[in-house]
Amino acid sequence: MSDTQKTFYITTPIYYVNDAPHIGHSYTTILADVLTRFHKLAGEDTFFLTGTDEHGQKVQQAADKAGVSPKEHCDVYAKRFQDAWRDLNIGFDKFIRTTDPEHIAYVQGIFQQLWDRGQIYEKEYEGWYSVGEERFFTEKELVNGMDPISGRPVEKVREKNYFFKMSAYQDWLLKYIEEKPDFILPDFRRNEVLGFLRQPLNDLCVSRPKSRLAWGITLPFATDYVAYVWVDALFNYRSAVDGKVFSGGAPVWPADYHLLGKDILTTHAVYWTTMLKALDMPQPKHILAHGWWMFDNARMSKTTGNVVNPMSMKEKYGVDVFRYFLIREMVVGQDASFSEEALVQRMNSDLANDVGNGLSRILKLAATGLESRLTPVASVGEEAAALRKAAGEAVAGALEKVKALKLSFAIEDTLQLIRAVNRYLEVKAPWKLAKEGEAGKGKLNTVLYHAAEALRIGFSLLHPVMPSKMGEALAALGVEYSGVLGAEPSITSLQWGKFGFSRPLGQGVNLFPRVENISGHAAGKSKAGGTLTDGAAPSAPVDPFSLVHLKVARIENVEDHPNADSLYVLQLRIGEEARTVCAGLKKHVGKEALLGQDVVMVYNLKPANLRGVESRGMILAAESEGGKVLPVSPEGAASGDDVKATDTPFAPKADLTLKEFEKSPLTVKSGLVCYRDRPLQSPRGPIRAQAADGTAVR
RNA sequence: GGCGGGUUAGCUCAGUUGGUUAGAGCAGAGGAAUCAUAAUCCUUUUGUCCGGGGUUCAAAUCCCUGACCCGCUACCA
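Values in this document were obtained by computation on a predicted structure and should not be read as measured data.

What about the pattern of salt bridges?
Per the counting criterion, the structure on display carries 43 salt bridges. Between Asp560 and Lys586 there is a salt bridge, and its shortest N-O distance comes to 3.8 Å. Remark: Lys586 occurs in the loop between β20 (577-583) and α19 (591-594) and Asp560 occurs in strand β18 (residues 550-560); sequence separation between them is 26 residues. Classification of Asp560 as partly exposed rests on a relative accessible area of 36%. The exposure class of Lys586 is partly exposed, given its relative accessible area of 26%. Three or more residues joined by partner-sharing salt bridges are found here, namely Arg328, Glu329, Arg346, Asp350, Asp354, Glu412 and Arg419.

See below:
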């Protein structure tokens, strides 16, 4: 291999070993696999890394519970990922486990280097420690002075820890990302990171004392501490390829792509990059955050009677169809929605009708007219030349789109070629030639050769997405093919004229059988109209106010928020129940005026943490134009009464979000609080507000 | 509330630096053909390019504004 040999190193996140592999893991890993296979097809030297993250408290706990060592526990659970990837035709080059001795030694080496370079310092740290969660929380994270996750008490603990000087690299990183527009992809994620970096950045605590967490990598310069799991985990990308070179001699690091879900973008874009910078190591070329698969459970359950687990689709329709759907349907970076209907739709129209049927008709024609044997052809007609041109365009277009990460468009380009083959057959009508017997044989061979050659190139282009099915398809065209993960098509196989004539074509190959029913639900052409992707009736619009649960509450105590200028912390009594609620009334109403008052609150609002105090609900107040804000008053009602709007259904939703609540506009009309002209009522009377008509209430 | 993105055919989306009759796939309608997985091929839709202003010879594209949706973020409760 020469110096100009192009190389490609791609990574997935390492998955937390306790997790069960789900569609999120699968999508990332399939995407990495497809990209790798495409780059390999384009003639590049590739390296594909995935693995498992095996340190941390939860692993230790799970192991303790099972009565095995953490390592034994990990051995069992890491295998679930390896098995899952094997089942999904994923051909990674290395599966790293953070408990691998090489990785542990590497991370220790990193810590020593950072320490030697003065990038890590020790600091007495005083914070709120939750025994339940075995971790610290910042003042800001605490909710009512309690652990925000478990709700259990926290204690103030003073402890020494080691910190990485992350803040020192803030300006550098900001500039770096600004200067490299394609470093973080897609660009809207890049903007989010830039926004994040324009706020003050803290140093990063990179150690945990063993007294609290023993299952981790021991720090070389402080043996009673282990590495913070994120540092441990991130360096897998580096440790896995330490000292490794491609066949051309180029080092594998830096990675071309780190693939990841949008939820872990900050750790990669900020922690990882600054640590590499502190070590003078090259940065990865791109960090790509992809979207989520969404599920419309309501619709799924309506049409098929149950919620479909997407992972079961690979058993039901085959691994390659599953891979095809995920790659074809999702625009990299965006969210996409998963439904069985859409998958079947894709499979039928793209794979069965175009790809599978296209192959099928050629095989049959060759079998009946030419004993399944094709021979080289010299003459090239006008249509054949056009087909050849289409093949060239498909190859160029698809490879270019892969480079731009537009995989669904690369697939579309390839399907154009397959459709061109079907069109070519229509024009040439080889079935007529087949009926001419010996006289038509030469022409028949010519037509089928060109069609088969175009299909061969199309199948080679689809191979990265559907390795086993396209392997079968290529074999049916007589291409020597020795397995799914072995002999992939090469760059030369994308050239016209590489058809091998030594083997007969296959017979009776049905690559993608059409599916007419899904779980008893009609999936074929529907005479009643409507499409499959839009098969379900639109759900009846729900009155947004019906989701809201309002209750009368009495203010039993008012205090200033310890941490915010405009907030009060109110203790409310709702019937028998006591709640803490924050209210942004400090600038509008005196404490005395609130104390003992009855108010109306949004009872089912999702709890929120406001500057360290959990607020479980919200007081309704009228907001006059002059900026005056006054709580509304439930005349004569008793604490705990429900408040409803007349003639409005009542079906409160748990954990209503503020956004959902704001879909119900409340206004004042003749001194009464109304929802769309319907006055709000407690069982004992209307809700009043001292404000002009039209004043918004929230 | 702040910042950013979006709104194009029934559905999912393309539309480069403003330039002629605004596109693809799927779905629908009509037709041809019969080698093939009731598959294929051809033809086909009246799209207020979210609304309203403006700049320009010319705007889906640029500017302002309004509505709705989404992401991040916040002393939103």
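Some details on the packing of aromatic side chains
Counted under the stated rule, the structure contains 28 aromatic pairs. For the ring pair Tyr15 and Trp85, a centre distance of 5.8 Å and an interplane angle of 65° mean the geometry is edge-to-face. Of this pair, Tyr15 sits in strand β1 (residues 7-16) while Trp85 sits in helix α3 (residues 70-87); the two residues are 70 residues apart in sequence, bridging distant segments of the chain. For the pair formed by Tyr15 and Trp85, the shared burial category is buried. Each residue in the set Tyr9, Phe47, Phe235, Tyr237, Trp253 and Trp272 is aromatic and connected to the rest through ring pairs, giving one cluster. The side chain of Lys469 reaches across the aromatic face of Phe512, ending 5.6 Å from its centre.

Examining the protein's contact with RNA strand B
Looking at RNA strand B, there are 51 residues lining it, with Cys582, Ala583, Arg611, Leu658 and Arg698 nearest. In RNA strand B, atoms within 4 Å of the protein come 67% from sugar and phosphate. At a separation of 2.5 Å, a sugar or linking oxygen of RNA strand B approaches a polar side-chain atom of Asn357. In this structure, a phosphate oxygen belonging to RNA strand B sits 2.7 Å away from a side-chain N or O atom of Lys364. At the level of secondary structure, the elements contributing two or more residues to the surface near RNA strand B comprise α6 (187-197), α13 (340-370), α15 (407-428), α16 (430-435), β20, β22 (608-610) and α20 (658-662). Broken down by element, the surface near RNA strand B gets its largest block of residues, ten residues, from α13. Here the residues of the surface near RNA strand B sort into 16 nonpolar, 16 polar and 19 charged.

Quick look at the packing of α6 against helix α9 (residues 265-278)
Look at α6 against α9: their axes get within 11 Å of each other, and the N-to-C directions meet at 55°. One way to sum up the angle between α6 and α9 is to call them oblique. Where α6 crosses over α9, the handedness of that crossing is right-handed. Residues Arg189, Val193, Phe196 and Leu197 of α6 pack against Leu265, Thr266, Ala269 and Val270 of α9.

Conventions we followed
- Residues numbered from 1 in each chain as written.
- Chains lettered and ligands numbered in written order.
- Predicted model: local features only at pLDDT ≥ 70, side-chain atom pairs only at ≥ 80, totals over all residues.
- Heavy atoms only, no water.
- Salt bridge = Lys/Arg side-chain N within 4 Å of Asp/Glu carboxyl O.
- Helix = DSSP H or I, 4+ residues; strand = E, 2+ residues; numbered from the N terminus.
- Buried < 20%, exposed > 50% of the residue type's maximum accessible area, 1.4 Å probe, protein only.
- Phe/Tyr/Trp six-rings, centres within 6.5 Å; stacked < 30°, edge-to-face > 60°.
- Lys NZ or Arg CZ within 6 Å of the ring centre and 35° of its normal.
- Near = heavy atom within 4 Å.
- Polar contact = N/O pair within 3.5 Å; in protein donor to acceptor, adjacent residues only side chain to side chain.
- Nonpolar A, V, L, I, M, F, W, Y, C, P; charged D, E, K, R; others polar.
- Axes fitted to C-alpha atoms, helices over the stretch in contact; angles between N-to-C directions.
- Parallel < 35°, antiparallel > 145°, perpendicular 65-115°, else oblique.
- Left-handed = near helix turned anticlockwise from the far one by under 90°.
- Contact = heavy atoms within 4.5 Å.

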